[in-house]
Amino acid sequence: MTSPGSESPDTSNADIRPTSNFLRDRMAEDVRTRKYGDAHVQTRFPPEPNGYLHIGHAKAIFLDFGLADEFGGKTNLRFDDTNPEKEEQEYVDSIQKDVRWLGYEWERLCYASDYFGQLYEWALQLIRTGKAYVDDLSADEIRQYRGSLTEPGKESPHRSRSVEENVNLFQRMKAGEFPDGSRVLRAKIDMASPNLNMRDPVMYRILHATHHRTGDEWCIYPMYDYAHGQSDSIERVTHSMCTLEFTDHQPLYRWYIEQLGIFPSQQIEFDRLNLTYTLLSKRKLLQLVQEGRVNGWDDPRMPTISGIRRRGFTPEAIRAFSASIGVTRTNGTTDIELLEHFQRDDLNRRARRAMAVLRPLKLIIDNYPEGQVEHFEVVNNPEDPAAGTRQVPFSREIYIEQDDFREVPPPKYFRLSPGKEVRLRAAYFVTAQSVVKDAAGNVVEVHCTYDPATRGGDSPDGRKVKSTIHWVSATHALSAEVRLYEKLFATANPGDAPEGGSFLDNLNPNSLEVLASAKLEPSLASARVEDRYQFERVGYFCLDPDSSETRRIFNRTLPLKDSWAKIEKKTGA
RNA sequence: UGGGCGAUCGUCUAAUGGUAGGACAGUGCCCUUUGGAGGCACUUGUCUAGGUUCGAAUCCUAGUCGCCCAGCCA
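These numbers come from a predicted model, not from an experiment.

About the thresholds
Residues numbered from 1 in each chain as written. Chains lettered and ligands numbered in written order. Predicted model: local features only at pLDDT ≥ 70, side-chain atom pairs only at ≥ 80, totals over all residues. Heavy atoms only, no water. Helix = DSSP H or I, 4+ residues; strand = E, 2+ residues; numbered from the N terminus. Buried < 20%, exposed > 50% of the residue type's maximum accessible area, 1.4 Å probe, protein only. Contact = heavy atoms within 4.5 Å. Areas by Shrake-Rupley, 256 points an atom, 1.4 Å probe, with all protein chains shown as cover. Lys, Arg positive; Asp, Glu negative; His and termini not counted. Charge placed at Lys NZ, Arg CZ, Asp CG, Glu CD. Near = heavy atom within 4 Å. Polar contact = N/O pair within 3.5 Å; in protein donor to acceptor, adjacent residues only side chain to side chain. Pairing = 2+ DSSP bridges. Domains from an automatic or database assignment. Buried area = accessible area lost by both parts, 1.4 Å probe. Salt bridge = Lys/Arg side-chain N within 4 Å of Asp/Glu carboxyl O. Expected span 1.5 Å × (residues − 1).

Chemist: Please clarify how the overall build of chain A should be interpreted in this entry.
Modeler: Counting secondary structure elements, chain A contains 13 helices and 25 strands. A burial count over chain A gives 54% of its 573 residues as buried. Restricting to contacts in chain A with at least 6 residues of sequence separation, those with at least 24 account for 72%. Of the roughly 25300 Å² that chain A leaves accessible, carbon and sulfur atoms contribute 47%. Within chain A, the 86 negative side-chain charges are centred at a point lying 3 Å from the centre of the 75 positive side-chain charges.

Here is the structure:
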């Protein structure tokens, strides 16, 4: 017998290399042509600490860390913390925890805010070479001057200030002499460019805000475009992967690096992950948390890493999924069932089995001796003999699943019904004899007889039963709360708001069902948080961190595939 | 209506001028001490129209459709 709750060793990760993709091809080519000379491949994962990581980030992490590793390179974790108004230490901490949980360790922990000094010096350099200027236009005016998609912009009246005046003004911006929004530093590029990003983009804005790391040291903060490429360059990033919506920013990314004459990091874009029935927008996820639509960032229904971790998903499955979806430049939506498939596949191989009855129905074995207890040896994981066996107590009164008994069985229903014989998993064959009903006519108790010759679940005469059901001995049963999760959203594309509504209207009202009185086999007493189990015939479950000595709570990660449910649905049984 | 990016089974993805393949989903059968898992089989695809070529998903031309961009967000 192995120790309770321990999972079988991970065997799922050996073959997660996808066949081919353009990112790998690109890196291989750069290595082959020695594009960066003797420099090793360097990547970075650059989250903004303004929310929790989600499954979409897992794909980026897999690519940033995985690809670098394939080429013997390194990966930094870099916080893109250039906007103090939205960023918090809580997010910095959760992101590190999540990256590690996914199975990755960074070479260096970096912050864009580490480079504020250097970025400031470079801004001065651009001013001195006539490539940047301080603009006094308001945000509204800047927008108006920018033109539109089809019309060129107009140059700001402040565009031709002298270098001296620009230096002076910029230094005073930094010194805190001006209020928020009164001035910005802009790059002097081309107000007529068809690429809006090149129409004199803002480099610095004035923000008298306390930064989670630099405190009140700065009151001017660099914009993403001005900070990101240079941060890459400072870290000698060779391959800076980002999502498709940044494609239009690439000319600007290169422009800054070229004007400054610094290490030529290169940006490469790939497709963001989209999943059916899932929202992967930090803004909307934050809204769900703030409005209390879910119970925090780690609510097991959330697509956040912390949410699916609590739900019982494993890093191995997430990595296998990430590998399988591939990477391209086409915008698509991956079926959530694919993620679930990889999770079931992983858990099927590794999770210990146990018997648990979610909606108990008392089954009394009339011809079984009162007071007698037997212990049956049950395999812990039929997929992994090394997982060993355990002893499960059996007695005259047991609980079975309400679903496993029908007084009038529909066609193709093979479970217990009056006069029908089934196998109690690893125990005996039993035949239902009679039922006891309450005043409302509900079956509250089923009486049956057992065949002592079928001990262990085999019939010496070779007779077959159509079905095996699970059970828990009533006197030995542990009580537990079980939380059943369904999809958080009822529609495949939750971002599509209905007419006159919002994405919140797509929320699934039945995404959480709490079962207060489930019955568990006694071995589950030793379950620890993040242990994963398959409750036989029911699904995959794990202990929720809210559990205590007196209150046991299990989360359903995923139900097992259920072919009876399909038949039932089709025949309307 | 400017610019950028893209288009292969229902979905995701391979094929890098030479047999359109895989996975998920679906369907049927087999097997089963989990109606789980597993096994077998089946169905469905190169956006359109021209062209180059012995040969085109791949190259060319023209169209069509989709996504992204007008934050002092990232």
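Chemist: Just to check I follow, could you spell out the protein's contact with RNA strand B for this structure?
Modeler: Within the structure, RNA strand B sits among 69 residues, and T82, R353, R423, G456 and Q534 are positioned closest to it. A breakdown of the atoms of RNA strand B within 4 Å of the protein gives sugar and phosphate a share of 65%. A distance of 3.2 Å is found between a sugar or linking oxygen of RNA strand B and a backbone nitrogen or oxygen belonging to I325. Within the side chain of R329, a nitrogen or oxygen atom sits 3.4 Å from a phosphate oxygen of RNA strand B.

Chemist: What's the story with the pairing of strand β24 (residues 539-543) in this structure? I'm lost.
Modeler: Successive residues of a regular strand alternate their side chains across the two faces of the sheet. For β24, the buried fraction is high: 5 of the 5 residues fall into the buried class. Pairing between strand β23 (residues 532-535) and β24: 4 bridges, direction antiparallel. Pairing of Q534 across the sheet is with Y540, part of β24. Between the antiparallel neighbours β23 and β24 lie 3 residues, among them R537 with a positive phi of about 70°. Of the strand pairs in this sheet, β24 and strand β25 (residues 553-559) are connected by 5 bridges, and their pairing is antiparallel. Along β25, the bridge assignment pairs C542 with N555.

Chemist: Help me out: how do you make sense of the sheet that holds β23 in this one?
Modeler: In any sheet, the strands associate via hydrogen bonds between backbone groups, in a parallel or an antiparallel arrangement. Ordered in space as β10-β23-β24-β25-β21-β22-β11, the 7 strands form an open sheet in which the pairing is mixed. Only two strands of the sheet have a single neighbouring strand rather than two, namely β10 (352-354) and β11 (356-357). As judged from the 7 bridges shared by strand β21 (residues 478-485) and strand β22 (residues 512-520), these two strands associate in the antiparallel manner. Its bridge partner being in β22, A480 is matched across the sheet by A518.

Chemist: Please clarify how the environment of M173 should be interpreted in this entry.
Modeler: For M173, the position within the fold is in helix α6 (residues 163-175). Among the residues examined, M173 registers a relative accessible area of 0% and is labelled buried. A C-alpha to C-alpha distance of 9.5 Å links M173 and Y204, two positions 31 residues apart in sequence. Setting aside anything within four residues of it in sequence, one finds M173 in contact with V134, F178, R183, V184, L185, Y204, I206, C219 and I220.

Chemist: Sorry, what's going on with the domain arrangement of chain A here?
Modeler: Accessible area lost during the coming together of the parts is what is often quoted as the interface size. Taken domain by domain, chain A holds domain 1 (1-275 + 314-334), domain 2 (356-477) and domain 3 (480-573). Listed as interface residues are 24 residues of domain 2 and, on the opposing side, 20 residues of domain 3. Area buried by domain 2 at its contact with domain 3 is led by A356, L358 and R359, which between them contribute 29% of it. For the pair domain 2 and domain 3, the interface holds 5 salt bridges.

Chemist: Got a minute to help me understand helix α12 (residues 336-350) in this structure?
Modeler: Residue pairs three or four apart in sequence face the same way in an α-helix, which turns once every 3.6 residues. Between its terminal C-alpha atoms α12 stretches 22 Å, which fits the 21 Å expected from 15 residues at 1.5 Å a residue. Where α12 is buried, its residues contact α11 (315-325), β10, β23, β24 and β25.

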